[in-house]
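Each chain is listed here by its residues.
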Amino acid sequence: MKEKAPKSLRLHIGIFGRANVGKSSLLNLIAGHETALVSPVPGTTTDAVEKTMELLPVGPVVFIDTAGIDDKSELGHLRVKNTRKIFERTEAALLVCEAGIFGGYERELLREFDERKIPALIVFNKEDLLENRKEFEKDFLQKGREFIFSNARDASKRDETVNKIKDFLMRIQGGKKEKSILSHLLPAGGLAVFIIPIDKEAPKGRIILPQVMAIRDLLDADKSSICITEKNWPEILSKLSVKPDLVVCDSQVADLMVSRAPKDIKCTTFSIIFSGFKGEMAEFAAAAALVNKLKPSDKIGILEACSHHPIEDDIGRVKLPKWLEKKAGGKLEIDVFSGRKMPEELEKYKLLINCGGCMLTGAEMKNRQEKARKISIPLTNYGMAIGACFGVLERLLEPFPEALKAYRENL
Ligand code: SF4
């Protein structure tokens, strides 16, 4: 079976619009089969329906069919709430409208897309119902918005509609430079050593997604990596005929890695690397400086982006609080939140610490940083906070001069 791209790396495309304009039919047309529930009764789609697919030549994508958010009923309230969450992870939007109908509701959605810098394509569905198409088109062209006509119920129009949507998505992708995870940190033909502890938290029979992605990123760039457990560090160095260009470890063994790494070897952690891959690393680093200023009774919010089953030695609930309290020299008030949606009312915290966010898309991670910025509460992540607790963060940030500068300036 072909391995699929991880969901967090797929382009997330939200399908928005009023209830019953044909959003689900459009998704079925793109997918080529029934995915979403389609009914002539307005508001049949209550929760978002997701469809992952390989949309060639665009690449791996997730379409998210949202419920219409123009419904004033009580159930509609729930739909509106669910749909608003989708904005957080949308990287491209299809705004579906009934051909000829474009009002305040659609303008409000476009305003929200603009504010969030989400590129949007308007899809005028049910084009067969439009009587004065030429006039409407001429009038709409003046608005300077990108739009297409479609009839999602007409399978003969499938190729035409899907190709136009692909063109739009390709243009968005074209504008974005593909980001490397860590290969840009190594010279051509370079070598990295990955230190991966195989402890209680390590899943049975496999390694976790960020580690797999790091290995693949180097292979894509024709660079190499070797994986070892912390027990073999640094003895492995004497067996290598070349010095590694970078050593990367799990945050929990960062102090061990750094204390035994020769000064001329660059070191960092997977969590720090991913803080830059999905978000603004310098901002996480600046916020981490606050770990050094914590005092007993300070309030800390720990944000885990998924609700995994915590184990006895859980990082967010046991280990990190213990390290933070040691650093602060006394008991802290720590609340742990878990879930994809960032909690509201975080103003009371002195510092927020996000998990590695392996399930989050880049858009979601940046949205979290934006929300923290808006309420002026520093947000760092596990890797940075652990590095600061261990007193080794400056060494871990050496491969990232901008983040190192931000950290030092805020110390
Ligand atoms: S890093 Fe965050 S998103 Fe990934 S498994 Fe842990 S809690 Fe979930």
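Enquirer: Explain the layout of surface pockets to me, please; I cannot follow it from the model alone.
Expert: Volume-wise, the second largest pocket comes out at about 1200 Å³. Elements represented by at least two residues in the lining of the second largest pocket include exactly α6 (209–220), α9 (270–278) and α13 (382–390). Its residues placed into classes, the lining of the second largest pocket shows 22 nonpolar, 10 polar and eight charged.

Enquirer: Looking at this model, I keep getting lost on the site of the ligand. Mind explaining?
Expert: Near the ligand lie nine residues; those nearest to it are Cys306, Cys355, Gly357, Cys358 and Met359. Most atoms of the ligand, that is more than half of them, are within 2 Å of grid points of the second largest pocket. Looking at side-chain class alone, the shell around the ligand contains five nonpolar, three polar and one charged residues.

Enquirer: How should the domain arrangement of the chain be read in this particular structure?
Expert: Interfaces are often described in size by the accessible area the parts lose on coming together. Structurally, the chain comprises domain 1 (7–175), domain 2 (184–271) and domain 3 (281–410). Taken together, the contacts link nine residues of domain 1 with 10 residues of domain 3. For the pairing of domain 1 and domain 3, the buried interface totals around 730 Å² over both sides, and the portion due to carbon and sulfur atoms is 52%. Note that Lys371 and Glu88 form a salt bridge whose closest N and O atoms lie 3.4 Å from each other. The interface formed by domain 1 and domain 3 includes three residue pairs in polar contact (both at pLDDT 80 or more). Residues that form the side of domain 1 that touches domain 3 fall into these classes: one nonpolar, three polar and five charged.

Rules behind the numbers
Residues numbered from 1 in each chain as written. Predicted model: local features only at pLDDT ≥ 70, side-chain atom pairs only at ≥ 80, totals over all residues. Heavy atoms only, no water. 1 Å grid on protein atoms, 1.4 Å probe; cavity = no way out; pocket = protein on both sides within 12 Å on 5 of 7 lines; lining within 4 Å. Points joined across faces, edges and corners; volume = space filled by probe spheres on them. Helix = DSSP H or I, 4+ residues; strand = E, 2+ residues; numbered from the N terminus. Nonpolar A, V, L, I, M, F, W, Y, C, P; charged D, E, K, R; others polar. Near = heavy atom within 4 Å. Sits in = over half its atoms within 2 Å of the grid points. Domains from an automatic or database assignment. Contact = heavy atoms within 4.5 Å. Buried area = accessible area lost by both parts, 1.4 Å probe. Salt bridge = Lys/Arg side-chain N within 4 Å of Asp/Glu carboxyl O. Polar contact = N/O pair within 3.5 Å; in protein donor to acceptor, adjacent residues only side chain to side chain.

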